[in-house]
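Breakdown of the fold
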Amino acid sequence: MSEVRVEHAEALEGSLRVPGDKSASHRALMISALAEGESTIVGLSPGLDVAATSRIMEQLGALRRDEDNVTSLTGPSGGLHASAEALDCGNSGTTMRLLTGIVSAVPGTHRLVGDASLSTRPMDRVVAPLALMGASIQGQGPRSVAPLLVEGSDTLHGVTYEVPMASAQVKSAILFAALGASGPTTVVERVRTRPTTENMLSRAGVGVVSVEDYEGRSVTLHPGRPRAMAWTIPGDPSQAAFFAVLGCIHPRASLEILDIDNAPERIGFLGVLQRMGATMSVRSTGDILTLVVRSCELRGTEVHAKEIPSVDEVPVLVVAAAAASGVSAFREMGELRLKESNRFDGSLSLAAKLGCHVWSDGDDLFIEGLGDASRFADFALDATLDHRMVMASAVAGCAGAGASIMSADTVSSSYPGFFNDLRTLE
Ligand code: S3P
């Protein structure tokens, strides 16, 4: 396991473009593989998670070609077919959950496997709605963890399903299976999660109607085959969040982060930082944002999971809370326990290592900030198989007194160039 040492940086300045959005990259590959003919993708995420999705789409029959930063993917005219080999989703929950939906509608036997982290993550949340559609999926134990055995079928039927937790992955698995069902499917969500799947399927010509009201959102999809498209992937807001927090808490920083996706479900962390007193300017051109962030004094705040559905940005916001004055509360954060690692315990332990008084109550976690990142302790942390714990720790170390991060190579799941990009700002 690799260890990376991050030292405190004297000053940080510069402009950077984070990698293409991971969520949109997975979907662009999947929708292109499902379509007939050649699609092109510009700005694909370079991470291993997205590479796993790409490899699997090829196993299922798609043809990939790369030329001058453009990826071309051609879906087979007769549709995807089962592979004799296991479909290895690596560390990627998005790959496994969305793929379960896709292959449920592809006749044949499919075996889905993942790494040690993914093999502990609950898949029952996708198995239950897909079974209602007529899918046959066998997982391990009460939470249906991987390996999964899916018996694909072309006789799925449409359903109406309310997703019991805030999860774009569950919504998306159902919508992908619904493409091949015999009638329309409606997915209801009480907390609006990222609309990447429904928006991209709609752009690819699939009949999708999304209705929003104060109770949430319902998405109705009519079965059909997406058409080949030219996709351009925007920058990943969840990766931008690491640099946004770094720019705020580092004592001498001025950072510009270019071309980030502007979806409201993805940029809740900006509202949190603004409430904490961040010195930040946000420029938007259509669907794309540019952020400029400068060193500032932060104060504690209360964050509710609804503000940051999917809670991906919580570990780094906990680092912001550790540098703020006063107590921050993060409420209803149970989903953090089910990510690539237990980020609930991991975030508390990171803030404790920095020197903060931390505590939890049920699904709420509390951090008493030190008032200034210069008070952070030098620390060591094992990120196990969790890329976001690597990056949150690196932000704390760079702004504070340094950090030794074990298992740092797992950063490649989503952002292989993270440490290089960090160095270009010093
Ligand atoms: C994702 C959804 C989120 C998020 C993950 C990517 C997606 O997971 O944590 O990084 O692309 O749909 P949940 O659906 O479990 O919230």
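Residues numbered from 1 in each chain as written. Predicted model: local features only at pLDDT ≥ 70, side-chain atom pairs only at ≥ 80, totals over all residues. Heavy atoms only, no water.

1. A few points about the overall build of the protein
Put simply, the test is: In DSSP terms, a helix is any run of H or I states spanning at least four residues, a strand is any run of E spanning at least two, and both are numbered starting from the N terminus. Atoms considered for the radius of gyration are the C-alpha atoms alone. The globule rule reads 2.2 Å times the number of residues to the power 0.38. Type-normalised accessible area, obtained with a 1.4 Å probe on protein chains alone, sets the label of each residue: buried when under 20%, exposed when over 50%, and partly exposed for intermediate values. Contact between two residues is taken to exist if any of their heavy atoms lie within 4.5 Å; hydrogens are not considered. In short, Shrake-Rupley with a 1.4 Å probe defines the accessible areas, and a residue's cover is counted only from the protein chains shown. When charges are counted, neither His nor the chain ends are considered; positive counts come from Lys and Arg and negative counts from Asp and Glu. Charge placement uses NZ in Lys and CZ in Arg. For Asp and Glu, CG and CD serve respectively.
Check the secondary structure of the protein and you find 12 helices and 23 strands. Here the C-alpha radius of gyration of the protein, 21 Å, is about what a compact globule of 426 residues would show, namely 22 Å. Along the longest, intermediate and shortest principal axes, the C-alpha atoms of the protein span 60 × 50 × 45 Å. In the protein, which comprises 426 residues, the share counted as buried stands at 59%. Of all intrachain contacts in the protein linking residues separated by at least 6 positions in sequence, the fraction that spans at least 24 positions is 74%. Per element, the accessible surface of the protein, about 15500 Å² overall, is 49% carbon and sulfur. In the protein, the 35 positive side-chain charges and the 50 negative ones have mean positions that sit 2 Å from each other.

2. What to know about the pattern of salt bridges
Side-chain pairs of opposite charge can arise where the charged atoms are in close proximity. Going by this rule: What makes a salt bridge here is a side-chain nitrogen of Lys or Arg within 4 Å of a carboxyl oxygen of Asp or Glu, nothing more.
According to the stated counting rule, one finds 32 salt bridges in the structure shown. For the salt bridge of Asp-378 with Arg-5, the shortest nitrogen-to-oxygen distance reads 2.9 Å. Of this pair, Asp-378 sits in the loop between β21 (364-368) and β22 (379-382) while Arg-5 sits in strand β1 (residues 3-6), placing them 373 residues apart in sequence. Judged by its relative accessible area of 42%, Asp-378 falls in the partly exposed class. For Arg-5, a relative accessible area of 35% translates into the label partly exposed. Between Asp-259 and Arg-17 there is a salt bridge, and its shortest N-O distance comes to 2.7 Å. Of this pair, Asp-259 sits in strand β15 (residues 253-261) while Arg-17 sits in strand β2 (residues 12-17); the two residues are 242 residues apart in sequence, bridging distant segments of the chain. Through salt bridges with shared partners, one network takes in Arg-121, Arg-194, Asp-312, Glu-340, Arg-343, Asp-386 and Arg-388.

3. So, the pairing of strand β10 (residues 160-163)
Put simply, the rule reads: Looking down the strands as they point away from the viewer, one classifies a crossover as right-handed if the path from the first strand across the helix to the second runs clockwise.
By the alternation rule, side chains of β10 split into Tyr-161 and Val-163, which are all buried, and Thr-160 and Glu-162, of which none is buried. Read as a crossover between parallel neighbours, the route from β10 over helix α5 (residues 168-178) to strand β11 (residues 185-189) is right-handed.

4. With respect to empty space enclosed by the protein
Applied cut-off: Only protein atoms enter the 1 Å grid used here, on which a cavity is any set of points holding a 1.4 Å probe that cannot leave and a pocket is any open set flanked by protein within 12 Å on both sides along at least five of seven lines; residues with an atom within 4 Å of a point are listed as lining. Grid points are joined across faces, edges and corners, and a volume is the space filled by probe spheres set on the points. Where each domain begins and ends follows an automated or database-derived domain assignment.
Counted under the stated rule, the structure contains 1 cavity of 30 Å³ or more. One number sums up the size of the largest cavity: a volume of about 300 Å³. Surrounding the largest cavity, 28 residues form its lining, Thr-94, Gln-169, Ser-310, Asp-312 and Lys-339 being those nearest its centre. Looking at the lining of the largest cavity, the elements with two or more residues in it are α1 (22-34), α3 (93-104), α5 and α11 (387-399). Each of domain 1 (3-18 + 234-424) and domain 2 (22-232) gives at least three residues to the lining of the largest cavity.

5. Concerning helix α9 (residues 314-323)
Counted residue by residue, α9 has 10 buried out of 10 residues, so it is predominantly covered. By the burial criterion, the buried members of α9 are Val-314, Pro-315, Val-316, Leu-317, Val-318, Val-319, Ala-320, Ala-321, Ala-322 and Ala-323. In this structure, the buried side of α9 is in contact with α7 (237-249), α8 (268-275), β19 (327-331), α10 (343-354), β21 and α11.

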